Amino acid sequence: MGKVLLCTGGYAENPYHFESICANVYCVEELCYLLAGNPFMIDAEIMDKKLAEWLDQECGLTELCHQLLTLLRRGSQPGIFVNTILDYVNYLDQEERRKIDEVLKNNIGLNQYEKLKKQGDYLIRNGSYQMAIMEYDKLLLKLPETESALQPFILHNIGVAYSHLFQFESAAKYFKKAYELSGNETSGMQYLMAVRQQLSEGEYVSFIADNGQYYELSLKVEQLYENARGQFEATQDNIMLSALKIYKDEGNAVSYYEDIDRIISELKEEYRECVTQ
């Protein structure tokens with residue numbers, strides 16, 4: 001269960017619009033949610049006098065408005081401006097604040113396209129795979145030729161996001177594009193892994209036979225699979241599955257199916273969280 005937040009100020013009749021990400025906010029809590037979920041939008045453009053005045057006129061937060069206007073007059077950094085808003089609402093805990101501060105630190109010196117790419121990376125690291133795909137797709141649409149070096153990295157990461165969503169056909173498509181553009185071995189191996197997840201053992205062997213250019217990479221993929229199998233045997237998940245097999249072999253159908261239903265429900269809930277974040 002998430003933490004309960006006490007609302008601060010009022011709910012605006014007229015929203016504040018962030019043109020850079022095409023989003024409206026109607027209260028300071030929505031503003032904090034937007035800033036926390038999109039830390040790469042925290043730059044000089046966020047320090048707008050109109051935002052401070054909106055918080056006063058539409059949300060009734062006169063004190064916060066005065067604090068922000070003072071920071072503007074002093075020429076403070078965007079991170080201080082945003083942290084003042086977050087502190088006023090007491091929106092984030094210490095660990096969440098540390099993550100944002102780290103993003104701001106790494107944000108220095110990046111151009112707008114690199115920032116957008118980093119935003120997608122941030123979403124993947126935090127398990128928001130569907131949102132990451134949307135961010136990367138928008139970036140690809142506006143990526144200029146001068147920034148084409150970013151393209152294979154973006155394509156690869158879209159493949160990573162789709163893999164986490166178990167959409168291996170889509171993942172394979174993006175890994176392949178990334179590999180063809182960059183020749184990066186990791187993208188090539190990820191492509192073969194995504195293909196392997198879609199095919200039977202015999203079909204995959206035939207695929208490699210028909211696509212000899214991937215033969216050397218396929219050997220490295222098989223080695224990774226062998227290593228993963230060895231590591232899995234020592235995990236708690238493997239112990240649990242072994243116990244379920246004993247239930248089944250002994251004819252204890254009730255315990256077997258109860259545990260299977262519980263595991264499936266947990267996995268479904270995890271997947272729903274991934275696609276709705």
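Above this text you will find the structure in question.
Quick caveat, the model's predicted, so the values are computed rather than measured. (Residues numbered from 1 in each chain as written. Predicted model: local features only at pLDDT ≥ 70, side-chain atom pairs only at ≥ 80, totals over all residues. Heavy atoms only, no water.)

A. Region of the structure containing the nonpolar core. If you look at the biggest cluster of nonpolar residues, it comprises 35 residues, and the most contacted ones within it are Val28, Leu31 and Leu55. Mapped onto this core, the elements with two or more residues apiece are strand S1 (16-18), strand S2 (23-25), helix H1 (28-37), helix H2 (49-57), helix H3 (62-74), helix H4 (78-89) and helix H5 (94-107). Among the elements that make up this core, the one with the highest residue count is H1 (six residues). For Leu31, the contacting residues outside a window of four places in its chain are Phe18, Val25, Leu51, Leu55 and Ile85. Residues Ile133, Val195, Tyr204 and Phe207 belong to the second largest nonpolar core, which totals 33 residues. (Core = buried A, V, L, I, M, F, W, Y, C linked by side-chain atoms within 4.5 Å. Buried < 20%, exposed > 50% of the residue type's maximum accessible area, 1.4 Å probe, protein only. Helix = DSSP H or I, 4+ residues; strand = E, 2+ residues; numbered from the N terminus. Contact = heavy atoms within 4.5 Å.)

B. Seen up close, the environment of Asn107. Residue position: Asn107 is located in helix H5. The exposure class of Asn107 is buried, given its relative accessible area of 6%. Asn107 sits 67 residues away from Phe40 along the chain, and the two C-alpha atoms are 7.2 Å apart. Leaving out residues up to four positions away in the same chain, Asn107 has contacts with Phe40, Ile42 and Lys115.

C. Looking closely at the pattern of salt bridges. Across all of its chains, the model carries nine salt bridges by this definition. Note that Arg98 and Glu95 form a salt bridge whose closest N and O atoms lie 2.7 Å from each other. In this pair, Arg98 and Glu95 both sit in helix H5, three residues apart, roughly one turn of the helix. Taking the relative accessible area as the measure of exposure, Arg98 reaches 41% and is therefore partly exposed. In this structure, Lys138 engages Glu135 in a salt bridge whose closest nitrogen and oxygen atoms are separated by 3.4 Å. You can see Lys138 and its partner Glu135 sitting in helix H7 (residues 129-142), three residues apart, about one turn around the helix. Taking the relative accessible area as the measure of exposure, Lys138 reaches 40% and is therefore partly exposed. A relative accessible area of 13% places Glu135 in the buried class. (Salt bridge = Lys/Arg side-chain N within 4 Å of Asp/Glu carboxyl O.)

D. Local environment of unusual backbone geometry. With a phi close to 55°, Asn90 is a non-glycine residue in the positive phi region. Structurally, Asn90 can be placed in the loop between H4 and H5. Asn90 gets classed as exposed once you look at its relative accessible area, which sits at 59%. Backbone geometry at Phe166 places phi at a positive 65°, although glycine is not the residue there. Structurally, Phe166 can be placed in the loop between helix H8 (151-164) and helix H9 (168-182).

E. Quick look at the packing of aromatic side chains. In total, this model carries nine aromatic pairs according to the counting rule given. Centroid distance Tyr162 to Tyr174: 5.8 Å. Interplanar angle 20°. Geometry classified as stacked. On the criterion of sequence distance, the pair formed by Tyr162 in helix H8 and Tyr174 in helix H9 is long-range, its members being twelve residues apart. Relative accessible area serves as the criterion here: at 12%, Tyr174 is assigned to the buried category. Measuring from ring centre to ring centre gives 6.3 Å for Phe166 and Phe168, while their planes differ by 75°; the resulting arrangement is edge-to-face. On the basis of relative accessibility, which here comes to 57%, the residue Phe166 falls in the exposed class. Through pairs of rings, three or more aromatic residues link up here, namely Tyr179, Tyr191, Phe207 and Tyr214. The ring of Tyr204 carries Arg196 above its face, with NZ or CZ at 5.4 Å from the centroid. A cation over a ring is seen here: Arg196 above Tyr225, with NZ or CZ 4.1 Å from the ring centre. (Phe/Tyr/Trp six-rings, centres within 6.5 Å; stacked < 30°, edge-to-face > 60°. Lys NZ or Arg CZ within 6 Å of the ring centre and 35° of its normal.)

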